[in-house]
Amino acid sequence: MKNITKGYSLVERSNHYCVMFRDKNGKQHCRSTRVSVLNEDKKPGKQYIYAQQAALRIIAEVEASPNARKKTSFEELVDSWFKNYKKECEKESTLVTYQKDVEKHILPYFKTYRPADITPFDIKKFLTDKALKGNLSYEGYGLGRCTVSRLRTVLILIMECAVDKRMIAINPARGVSLPKQYNVRPIKPRGVITPEQCREILDIIREKKIMLYRMIRFAYTTAVREGELMGLKWDNVFLDEEKPRVYIKTIRSYISGRDIISDTPKTKSSEGNIYITKEIEEMLRLMQNEQEENKNFYGKEYKNIDNYVFVKSDGEPYRANYLTKQLEAFCKKHPEFPKISAHSLRTSCATWLVNEEGWTPLEAAAHLRHKNDDITKQYYIKINTEDYRQKIGEKSSCIEL
């Protein structure tokens, strides 16, 4: 690389060599080489040669990152990055999540740093601190591996912006490994309910909250995620085909206190058809007729402009986390049932299909729209260990030596 300076000179200041040079814009720089004029024996020795080598390194650093000495704060860098990233980001949910990560974790930690002063060691220490004691909701606990990995991703994007602005030569966040130890708050296993328990819950809810009844019934049999359920539109419901189906396309999430709408699922395998049973088809037809009647009744005041399937009588969509909140409230009133969430219905469906209906894990994975059955077997299919021990005990008579 051609040197952009016109030359340099070494001068003695406070018993140390300093290099003086001009950059390509004509600005003069004076930097200490940190090489003393005299060696340990208080003799010149090869100190001048060492100072020359140090001077060339300093000049190369200035050439690579001419804006490193500008008084740009980390907060200003983040603002600049976020404005550009907002234009490029395709998913609003990702944008909101990254913004929350910056505001709650990254900015408070690095607020006093200048971009040029951040080292890989600083980033490693930040990630380690977050893994061990970075949970803001539960004091004394750290964040999970997925969250810490996401924080590293955001830092890589922010520091890459500093590289583009020539504040730094190398992105210090790239290559930093994730911590090996995590102090995660113990979380109780997801509740799983049998079809019989699900029917009992539906019988209790049906008369009081008919739409909640329909949501649970639909979610248990189709194994949809909550965001897919709340984002389902009539445009993607096909009841008049030979095999009635719904097509998962729109997702609604509740992040940072507001509904976020995404036009496409997070993964390619999540987008696709779900073929529905005759009972679910009849339920959807009934809901369709009810909405038509409500449209006529409310007229211009009917609010379902996005054509969602699960809405209130006046067409207003339910909040994206409505099902989870309602199930939490139900479980508090009815402790005889396992504590379940919207995602528990998905887990329950997978467990029911494999353990009771005889589906293979691969078939269950296809129903849940997983890429393969690894995740399905590891996280979704639950077994009752004692029941299976009894079954194995009945078969153990065939084991002879």
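All residue numbers refer to positions counted from 1 along the written sequence of the respective chain. Only residues with pLDDT of at least 70 get local features here, since the model is predicted, and only at 80 or more are side-chain atom pairs given and counted; chain-wide, interface and lining totals rely on the full set of residues. The basis for the side-chain values is all heavy atoms of the structure; hydrogens and waters are excluded.

A. Quick peek at the pattern of salt bridges. The rule for a salt bridge is simple: a side-chain nitrogen of Lys or Arg has to be within 4 Å of a carboxyl oxygen of Asp or Glu. Going through the model one piece at a time under the given rule, you end up with 16 salt bridges. A cluster of three or more residues bridged by salt bridges with shared partners is formed by D240, K278, E281 and R285.

B. Here's a closer look at helix α7 (residues 210-222). In this description a helix means any DSSP run of H or I spanning at least four residues, a strand means any run of E spanning at least two, and both kinds are numbered starting from the N terminus. Each helix should span, by expectation, one fewer than its residue count multiplied by 1.5 Å. Helix length check: α7 (13 residues) gives 18 Å between terminal C-alpha atoms against 18 Å at 1.5 Å per residue, within 8%. Burial here depends on accessible area, computed with a 1.4 Å probe over protein chains only, as a share of the maximum for the residue type. Under 20% is buried, over 50% is exposed, and the range in between is partly exposed. Buried residues of α7: M211, L212, Y213, R214, M215, I216, F218, A219, Y220 and T222, and no others. Where α7 terminates, the next one or two residues include A223, which has phi positive at roughly 60 degrees.

C. Structural view of the sheet that holds strand β4 (residues 237-238). Strand pairing is assigned whenever DSSP detects at least two bridges linking the two strands. Taken together, the three strands give an open sheet; going across it, the order is β4-β5-β8, and neighbouring strands pair in antiparallel fashion. Where the open sheet ends on each side, the last strands, each with one partner, are β4 and β8 (272-275). Pairing between β4 and strand β5 (residues 245-248): two bridges, direction antiparallel. Bridging from a neighbouring strand, V237 pairs with V246 of β5.

D. Representation of unusual backbone geometry within the structure. One non-glycine residue with positive phi stands out, namely N15, at about 65 degrees. Note that N15 resides in the loop between β1 (8-13) and β2 (16-22). A residue is classified by how much of its surface remains accessible, and N15, at 62% relative accessible area, is exposed. For N307, which is not glycine, the phi dihedral falls at a positive 65 degrees. Among the secondary structure elements, N307 is positioned in the loop between α9 (278-298) and α10 (322-333).

E. Here's a closer look at the packing of aromatic side chains. Pairs were defined over the aromatic rings of Phe, Tyr and Trp, the Trp ring being its six-membered one, requiring ring centres within 6.5 Å. Orientation was assigned from the angle between planes: stacked under 30 degrees, edge-to-face over 60, tilted for the rest. Counted under the stated rule, the structure contains 14 aromatic pairs. When the centroid spacing of 5.1 Å and the interplanar angle of 85 degrees are considered together, the rings of F297 and Y298 count as edge-to-face. Judged by its relative accessible area of 67%, F297 falls in the exposed class. Taken together, the ring pairs in this structure connect F74, Y109, F110, Y113 and F126 into an aromatic cluster. Remark: a charge is flagged as sitting over a ring if the NZ atom of Lys or the CZ atom of Arg is within 6 Å of the ring centre and within 35 degrees of the ring normal. Above the plane of the ring of F238 lies R245, whose end atom (NZ or CZ) is 4.1 Å from the centre.

F. Spatial organisation of the nonpolar core. In this structure, M215, I216, F218, L284, F310, L323 and L345 are the most contacted members of the largest nonpolar core, which totals 41 residues. A total of eight residues in this core trace back to one element, the largest contributor, which is α7. In this analysis, two residues are considered to be in contact whenever any of their non-hydrogen atoms come within 4.5 Å of each other. Aside from chain neighbours lying at most four places away, what touches L284 is F218, W234, V237, L239, V246, I276 and V309. In this structure, C89, Y98, V163 and A173 belong to the second largest nonpolar core, which totals 34 residues. The definition of a nonpolar core used throughout is a set of buried Ala, Val, Leu, Ile, Met, Phe, Trp, Tyr and Cys residues joined through side-chain atoms within 4.5 Å.

G. How the structure looks around the pairing of β2. Where burial is concerned, most of β2 is hidden: five out of the seven residues are buried. Between β1 and β2, which pair antiparallel in sequence order, lie two residues; one of them, S14, sits at a positive phi of approximately 55 degrees. In this sheet, strand β3 (residues 28-36) lies alongside β2 in antiparallel orientation, the contact comprising seven bridges. From the neighbouring strand, F21 faces β3, where its bridge partner is H29. Connecting the antiparallel pair β2 and β3 is a turn made up of five residues, with G26 showing a positive phi of about 85 degrees.

H. Local environment of the confidence of the model for the chain. The predictor attaches a confidence to each residue, and that confidence, scored 0 to 100, is pLDDT. Averaged over the chain, the pLDDT score is 85; the fraction of residues at 70 or greater is 88%. Contacts of residues 1-5 to residues separated by more than four positions or lying in other chains number 12 contacts, the stretch itself having pLDDT below 50.

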